[in-house]
Amino acid sequence: MAERSQTAPEAGNDMGNEDAIGGNVSKYTVLPSGYCGQPKKGHLIFDACFESGNLGRVDQVSEFEYDLFIRPDTCNPRFRVWFNFTVENVKESQRVIFNIVNFSKTKSLYRDGMAPMVKSTSRPKWQRLPPKNVYYYRCPDHRKNYVMSFAFCFDREEDIYQFAYCYPYTYTRFQHYLDSLQKRNMDYFFREQLGQSVQQRQLDLLTITSPDNLREGAEQKVVFITGRVHPGETPSSFVCQGIIDFLISQHPIARVLREHLVFKIAPMLNPDGVYLGNYRCSLMGFDLNRHWLDPSPWAHPTLHGVKQLIIQMYNDPKTSLEFYIDIHAHSTMMNGFMYGNIFEDEERFQRQAIFPKLLCQNAEDFSYSSTSFNRDAVKAGTGRRFLGGLLDHTSYCYTLEVSFYSYIIGGTTAAVPYTEEAYMKLGRNVARTFLDYYRLNPLVERVAIPMPRLRNEETEVERRKEKPPPYKYTLTRGPARNHPNGKGDKKSSVNHKDPSNSF
Ligand SMILES: [Zn+2]
């Protein structure tokens, strides 16, 4: 009989629930209280013992309702946001309400129409649940914690269903992606291991540039890009993959960019955290993006490796480190946007605004008005702040943020939910913006060979997109029992686009 795995003793009061949660549930069968026979169809089996999985505990509240607890980040109970688990042994037309009861954040895009992701064995493409089946409210039963409830109707008995906070992007997927690129033997793509994580996972470093730029003594203009320092911020990986895919393509813009620039990309700075299903921290519970000032080779080895490389490039007179961009995802804001630094030098400050302004022209989902510049003490250990202080006046350091949920196109109020493809498209637009920044546009015509323009390619991609088969979602009247009202806390009535809703 399966049971909850690795439940540890109480560790403190900061957990958001009564009992501490030590590990993920492992094929945990929920039986009605007092029931002692063999499990039957409809006795749900929950599991999160897989890569990037996260579910710490399941309490059955009633025949239809379950309280679900996020497993806190390893060695850091303060962070509880990412969830990713499977449910099986369902009955056809079985209706359930799942309450995620121990989020560590209060503000959430669930108020604005965000919904959890779902896929199942027979429908392997991730879809968002219809927002009308999702409730976010302050709950008196859970220490006034914010609770996200969603209603769901299982429709295929043989299917295993998987629910997640956002589109997962695992370490293994990333490794397979890089393996497939390596097999193509492109003479302008290089992969090396820059170091290892505490659990011996690879810290990959990619170099994308024309081989001419790597000749002995050649001067290099470097664009340095990092991602997934925060492991639960999966959109970071889709954006990063979009950048990489574009830069290695035969698109005329990509060819010009490779001739003029050296792209150094470390797409996954926290591979252990990604593997473990953490939201914010590394295996040892560190928020790596607060340790740039003094990373330790044993406690923060991946960060230490990247920082050493950047300092080495900084000290190399042949290398000009022009850009550093660290890619994150944001849990309360819409759109893509950037954070930059504040400088005393007004002219430097103005020059720093150029790249986000250009990106805004290229990407409909990128918002310049949400872009901001700061020097808060709380962000002193971030890559952007540390490198902004270290590098000279010709370098620009940004955090690129992208919403976990949606973007609003200028002139409208409709929130368009991000898809994996839309995140990758933002990445492609980041890459092509370097062409505008360096005013390399005239060169594109020189190398251009007859081929479809980028815009046409995208239309083609969209045309090919198939509408996934729908789920039979539960219609509900309101928040679940015990949660009588969400007074003012229910999600606002943003005009949702809801392509997956079958009703
Ligand atoms: Zn982040």
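About the cut-offs
- Residues numbered from 1 in each chain as written.
- Predicted model: local features only at pLDDT ≥ 70, side-chain atom pairs only at ≥ 80, totals over all residues.
- Heavy atoms only, no water.
- Donors = N, O, S within 2.8 Å, 3.2 Å for Na, K, Ca; no water.
- Tetrahedral: all angles 85-135°; square planar, octahedral: opposite > 155°, others 65-115°.
- Helix = DSSP H or I, 4+ residues; strand = E, 2+ residues; numbered from the N terminus.
- Buried < 20%, exposed > 50% of the residue type's maximum accessible area, 1.4 Å probe, protein only.
- Pairing = 2+ DSSP bridges.
- Salt bridge = Lys/Arg side-chain N within 4 Å of Asp/Glu carboxyl O.
- UniProt positions renumbered as here; feature names shortened; annotations may be inferred.
- Contact = heavy atoms within 4.5 Å.
- Core = buried A, V, L, I, M, F, W, Y, C linked by side-chain atoms within 4.5 Å.
- Axes fitted to C-alpha atoms, helices over the stretch in contact; angles between N-to-C directions.
- Parallel < 35°, antiparallel > 145°, perpendicular 65-115°, else oblique.
- Left-handed = near helix turned anticlockwise from the far one by under 90°.
- Nonpolar A, V, L, I, M, F, W, Y, C, P; charged D, E, K, R; others polar.
- Polar contact = N/O pair within 3.5 Å; in protein donor to acceptor, adjacent residues only side chain to side chain.

**Overview of the coordination of the zinc ion**
Next up, step 1: The protein atoms that coordinate the zinc ion are H230 (ND1), E233 (OE), E233 (OE) and H328 (ND1), at distances spanning 2.1 to 2.4 Å.
Next up, step 2: The coordination sphere of the zinc ion comprises 4 donor atoms, whose angles at the metal cover 57 to 149 degrees; the geometry is irregular.
Next up, step 3: Every donor residue of the zinc ion comes from the same chain, spaced as H-x2-E-x94-H. With H230 in the loop between strand 14 (220-227) and helix 2 (235-247) and H328 in strand 16 (residues 319-330), this residue pair connects regions lying 98 residues apart in the sequence.
Next up, step 4: Residue H328 is classed as buried on the basis of its relative accessible area, which comes to 3%.

**Structural notes on the sheet that holds strand 7 (residues 117-120)**
Next up, step 1: If you trace the 6 strands from one edge of the open sheet to the other, you get 1-2-5-11-7-8, paired in antiparallel fashion. Only two strands of the sheet have a single partner each, and these edge strands are strand 1 (28-29) and strand 8 (123-128).
Next up, step 2: Bridge analysis of strand 2 (residues 45-47) against strand 5 (residues 84-88) gives 3 bridges, and the strand direction is antiparallel. Looking across to strand 5, one finds that F46 is bridged to V87.

**Structural notes on the pattern of salt bridges**
Next up, step 1: Tallied over the entire structure, the rule returns 11 salt bridges.
Next up, step 2: Across the salt bridge formed by R123 and D155, the nearest N and O atoms sit 3.0 Å from each other. Highlighted residues: R123 in strand 8 and D155 in the loop between strand 10 (145-154) and strand 11 (161-164), separated in sequence by 32 residues. Judged on exposure class, the residue R123 and its partner D155 are both buried.
Next up, step 3: D287 serves as the salt-bridge partner of R280, at 2.8 Å between the closest nitrogen and oxygen. Pair check on accessibility: R280 and D287 agree, each one buried.
Next up, step 4: Through salt bridges with shared partners, a single ionic network connects R123, D155 and D159.

**Quick look at the UniProt feature "active site" (unreviewed entry) in the protein chain**
Next up, step 1: In the UniProt entry, the feature "active site" (unreviewed entry) is given for E401.
Next up, step 2: Residue position: E401 is located in strand 19 (residues 396-403).
Next up, step 3: Ignoring anything within four residues of it in the chain, the contact list for E401 reads H328, A329, H330, N335, G336, F337 and Y339.

**Overview of the nonpolar core**
One broad rule of soluble globular proteins: the nonpolar side chains tend to lie buried together.
Next up, step 1: In this structure, F46, F85, F98 and F434 are the most contacted members of the largest nonpolar core, which totals 108 residues.
Next up, step 2: Residue contacts for F434: discarding those within four places in its chain leaves V223, L257, L261, F263, F323, I325 and F355.
Next up, step 3: Among the nonpolar cores identified, the runner-up in size contains 21 residues, and L288, L303, L321 and Y324 belong to it.

**Points about the packing of helix 7 (residues 354-362) against helix 9 (residues 420-437)**
Next up, step 1: Following both chains from N to C, one finds helix 7 and helix 9 inclined at 120 degrees, their axes separated by 9 Å at the closest point. Viewed along their axes, helix 7 and helix 9 adopt a mutual orientation that is oblique. The way helix 7 lies across helix 9 gives a crossing that is right-handed. Here I354, F355, L358, L359 and N362 of helix 7 lie close against helix 9, whose contacting residues are N429, V430, R432, T433, F434, D436 and Y437.
Next up, step 2: Within the contact of helix 7 with helix 9, the residues separate by chemical class into 7 nonpolar, 3 polar and 2 charged.

**What to know about the sheet that holds strand 9 (residues 134-139)**
Next up, step 1: Taking strand neighbours across the sheet as the criterion, the 5 strands line up as 3-4-6-10-9 in an open arrangement whose pairing is mixed. Edge strands, defined here as strands with exactly one partner in the open sheet, are strand 3 (57-60) and strand 9. When strand polarity is set aside, the average angle formed by the axes of neighbouring strands in this sheet is 25 degrees.
Next up, step 2: Pairing analysis gives 6 bridges linking strand 9 to strand 10, with the strands arranged antiparallel. Considered in strand 10, the bridge of Y137 is made with V147.

**Some details on the side chain of E65**
Next up, step 1: Take E65: it is sitting in strand 4 (residues 65-69).
Next up, step 2: Of the polar contacts made by the side chain of E65, one reaches the side chain of N99; its length is 2.8 Å.

**Here we look at the pairing of strand 13 (residues 202-208)**
Along a regular strand, successive side chains alternate from one face of the sheet to the other.
Next up, step 1: Taken across its 7 residues, strand 13 has 6 buried, putting it largely inside the fold.
Next up, step 2: Judged from the 7 bridges that link them, strand 12 (residues 189-196) and strand 13 form a sheet pairing that is antiparallel. Opposite F190, over in strand 13, you have T207 as the bridge partner.
Next up, step 3: The pairing of strand 13 with strand 15 (residues 262-266) spans 3 bridges and is classified as antiparallel. Along strand 15, the bridge assignment pairs L206 with I265.

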